[in-house]
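Fold and geometry: a report
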Amino acid sequence: MTEMFGIQHPIIQGGMHYVGFAELAAAVSNAGGLGIITGLTQRTPQALANEIRRCRDMTDKPIGVNLTFLPTVSSPDYPGYIQAIIDGGIKAVETAGNNPQKYLPALHAAGIKVIHKCTSVRHALKAQSIGCDAVSVDGFECGGHPGEDDIPNFILLPRAADELKIPFVASGGMADGRSLVAALALGAQGINMGTRFIATQEAPVHDNVKQAIVAASELDTRLVMRPLRNTERVLRNDAVDRLLEKERTLGAKLKFEDIIEEVAGVYPRIMQNGEMEAGAWSCGMVAGLIHDVPTVKALIDRIMAEADQIIRQRLMAML
């Protein structure tokens, strides 16, 4: 991963809606990881181009862009976003959602490496077969969309290692040096962190969000939208409780329109304004391992030092 993306440490900051702005991406890249701007948080390709330029002003290290391919009727201007990525000199793209195959030739022609987010071995094998350079294997623990198979990383990662020929990183439950060493032991070439990077000083989100993550335990997330087969792991709050009650009451009759108040357009209110009960927002079970809000550099340095200590002292001593 470090060779593929030209970075110092095998740590990637995954794309996160209304979190992955230039400030966070630059801080992660400056600290030796791969910072990623969330493409669709920028409303237009021109806005993404401006955000890439803004990030370039903050770092001369490699940065990436996340592009999620949504199953929507009115599709975003994906060709426009991809052109902005190419014109911005980006060399790493994290794809997610629907199959990115139709866009791979343009990205590869520009010398861009593509890492696709997958929640199952079969999806990872598909990503490999269509030409993705790497995959991010997301276990059931992850914040956001864990898929519908419910396989945790202790099983999913070694299964991926058994099947894949391209490199992959572990995503979901990643927080510290222990996470990194475990991921490497299970066959991954690095880690992708989302929730852990929200609780950093440089993350451009309201302090209420950071404190909610620090205060949460591993028991405080819930799965929503499972009846719609669009499962999302979110932090429990009043809106999530209302949403789950609607799911219980309506059962098989549930439609997206029934829960639109709890899930549509809530991210700016939560992430920017700190309205913690405004709606459902993605958060991983890893919140139970997050107890502080360090700088990004302090966090990455700590992860690498802890990983080094575990390998050199604890594991080597066992030989």
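The structure reproduced in this document is the subject of the present report. Numbering of residues begins from 1 in every chain and follows the order in which that chain's sequence is written. Reporting in this predicted model follows two pLDDT cut-offs: at least 70 for local features of residues, and 80 or more for side-chain atom pairs to be given and counted; totals over whole chains, interfaces and linings ignore these cut-offs and use all residues. By convention in this description, side-chain values take in all heavy atoms of the structure and omit both hydrogens and water.

1. Side note on a nonpolar patch on the surface
- There is a patch of nonpolar side chains on the surface, built from Leu184, Ile311, Leu315, Met316, Met318 and Leu319 and spanning about 620 Å² of accessible area.
- Numbering of helices and strands runs from the N terminus, with a helix taken as a DSSP run of H or I at least four residues long and a strand as a DSSP run of E at least two residues long. Position of Ile311 relative to the elements: it lies in helix H14 (residues 296-315). Only residues above 30% relative accessible area that lack a salt bridge enter a patch, with like-charged residues linked at up to 9 Å and the nonpolar side chains Val, Leu, Ile, Met, Phe, Trp and Tyr linked at up to 5 Å. Residue exposure ignores everything except the shown protein chains as possible cover, and the areas themselves are Shrake-Rupley values with a 1.4 Å probe. One speaks of a salt bridge when a side-chain nitrogen belonging to Lys or Arg is within 4 Å of a carboxyl oxygen belonging to Asp or Glu.

2. Observations concerning the packing of helix H3 (residues 45-56) against helix H4 (residues 78-87)
- Fitting a line to C-alpha atoms yields each axis, with helices limited to the stretch in contact; the angle taken between N-to-C directions then spans 0 to 180 degrees. At their nearest, the axes of H3 and H4 sit 8 Å apart, and the two run at 20° to each other. With respect to H4, the element H3 is oriented roughly parallel. For the element pair H3 and H4, the recorded crossing hand is right-handed. Packed against H3, whose contacting residues are Pro45, Leu48, Ala49 and Ile52, the element H4 presents Gly80, Tyr81, Ala84 and Ile85 at the interface.
- For the contact of H3 with H4, the class distribution of residues is seven nonpolar, one polar and no charged. Any angle that is under 35 degrees is reported as roughly parallel, and any over 145 degrees as roughly antiparallel; angles of 65 to 115 degrees are reported as roughly perpendicular and all others as oblique. Crossing handedness is defined as follows: a turn of the near helix away from the far one that is anticlockwise and smaller than a right angle gives a left-handed crossing, while the clockwise case is right-handed. In this analysis, two residues are considered to be in contact whenever any of their non-hydrogen atoms come within 4.5 Å of each other. The nonpolar class holds Ala, Val, Leu, Ile, Met, Phe, Trp, Tyr, Cys and Pro. Asp, Glu, Lys and Arg form the charged class, and all remaining residues, Gly among them, are polar.

3. A word on helix H8 (residues 177-185)
- Exposure classes here rest on a 1.4 Å probe applied to the protein chains alone. A residue is buried below 20% of its type maximum, exposed above 50%, and partly exposed in between. Within the span of H8, buried status applies to Gly177, Ser179, Leu180, Val181 and Ala183.
- Where H8 is buried, its residues touch helix H7 (153-163), strand S7 (168-171), strand S8 (191-193) and H14.
- Just downstream of H8 lies Gly187, where phi reads positive at about 115°.

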